[in-house]
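Structural characterization, general
Listed here are the chains, written in short residue letters.
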Amino acid sequence: MHENSAAVWPSFMAGQVDRPVRVVVVDDDAHIRRVIAQELMGDPRTLLVGEADSLREGKRVVREREFDVILVDLNLGDGRGYDLIAYAKELRGGGVEAVVVSVLEADEDVMRAFELGASGFIVKSSWFGGYVQSVLQVANGGASITPSLARRLLQRLDRGNAVTRRFPMQARCALTGREGEVLRMIAVGMTSAEIGERLGISHMTVNSHVKNIYQKLHVKNRAQAVSWASRWGLL
């Protein structure tokens, strides 16, 4: 199945057989690390380049290895995954993506992870999707979040819209009609390539719209854009 998936994977997307997405996994549960490692190494589009079982070791791996995506648990024994996300972002800048992999699923945990720059949040007990899928989604400009958790967050944000939608009126008016279309497609997890195909424009043009959305909403990534747009009633 993995080989067939790689064979039909578009050549312009990140995650090619000759240049797989490089991944670091940080989790203090050895069993979970093995499960993730087996899945990543079983698909030619992803490559495991480092593992760690603690915050301290995770920081060392982040410093020493070249990678594209980090999968990190929130509870690492000697610290919190939040600190590692912040460290990786500060050290590597916007060149890396972070996905939280956790047994916890409190809304506050998700929001904080997104505020720190994470592009995904996966609940370990979820039956939906997989680690390879999540890595490829965020590496190609999308967001990855467990469906049931995403639904709950959207419902929570929708309840708050009555109060907050009137606050950033200028931000809502600043988005063009096309930017609004792109934002709504981002909210359902579509990548730049998928959005471009739907709208009949190039993925480079889509990325240009995304950049404008970031500037107008004062956010740094797609997950933050969707979070704030939902809260502000832009979707």
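Just so you know, these numbers come straight off a predicted model, no measurement behind them.

So, about the sheet that holds strand β6 (residues 144-145). Strands sit in the order β2-β1-β3-β4-β5-β6 across an open sheet of six strands; the sheet is parallel. The open sheet has two edge strands, β2 (46-52) and β6, and neither has a second partner. Where strand β5 (residues 120-123) meets β6, two bridges bridge the pair, whose relative direction is parallel. Bridge assignment links G120 to a residue of β6, and that residue is S144. Of the strands in this sheet, β4 (97-102), β5 and β6 touch helix α5 (residues 107-115), which is tilted by about 150° from β5. Sheet strands in contact with helix α6 (residues 131-139) are β1 (21-26), β2, β3 (69-72), β4, β5 and β6, and its direction is about 135° off that of β3.

What follows deals with the side chain of D43. By the secondary structure assignment, D43 is in the loop between α2 (30-41) and β2. You can call D43 buried: its relative accessible area is 1%. A polar side-chain atom of D43 sits 2.8 Å from a polar atom in the side chain of R45.

The subject of this paragraph is the side chain of S192. Summarising the element assignment, S192 is placed in helix α10 (residues 192-199). You can call S192 buried: its relative accessible area is 5%. In this view, S192 contacts N140, H203, V206, N207 and R222; residues no more than four positions away in its chain are not counted.

Among the seven residues in β2, five count as buried, and that is most of the element. By the bridge criterion, six bridges tie β1 to β2 in an arrangement that is parallel. In the strand pairing of β2, V23 is matched with L48. With respect to chirality, the unit in which β1 leads through α2 into the neighbouring parallel β2 is right-handed.

As a further point, take the environment of T46. Locating T46 in the fold gives a position in strand β2. Residues T46 and V135, 89 residues apart in the sequence, show an inter-C-alpha distance of 7.9 Å. Not counting the four nearest positions on each side in its chain, T46 is found in contact with P20, V21, L40, V132, V135 and L136. Within the structure, the side chain of T46 is placed 2.7 Å from the backbone oxygen of L40, a separation counted as a polar contact.

Another aspect to go through is the pairing of β5. Each regular strand displays side chains that alternate between the two surfaces of the sheet. Every second residue of β5 is oriented toward a common face, with G120 and I122 on one face and F121 and V123 on the other, all of them buried. The pairing of β4 with β5 spans four bridges and is parallel. Bridged to V101 within β5 is I122.

Take the nonpolar core next. V24, V26, F67, I70, V72, L84 and F121 are the most contacted members of the largest nonpolar core, which totals 27 residues. Of all the elements, helix α4 (residues 81-92) adds the most residues to this core, at four residues. With residues near it in sequence (within four places) discarded, V24 still touches V49, G50, V61, F67, V69, I70 and L71. In this structure, V23, V25, I32 and L48 belong to the second largest nonpolar core, which totals 20 residues.

The rules behind the values
Residues numbered from 1 in each chain as written. Predicted model: local features only at pLDDT ≥ 70, side-chain atom pairs only at ≥ 80, totals over all residues. Heavy atoms only, no water. Pairing = 2+ DSSP bridges. Helix = DSSP H or I, 4+ residues; strand = E, 2+ residues; numbered from the N terminus. Contact = heavy atoms within 4.5 Å. Axes fitted to C-alpha atoms, helices over the stretch in contact; angles between N-to-C directions. Buried < 20%, exposed > 50% of the residue type's maximum accessible area, 1.4 Å probe, protein only. Polar contact = N/O pair within 3.5 Å; in protein donor to acceptor, adjacent residues only side chain to side chain. Right-handed = clockwise from strand over helix to strand, strands pointing away. Core = buried A, V, L, I, M, F, W, Y, C linked by side-chain atoms within 4.5 Å.

That's the geometry; what it means functionally is another story.
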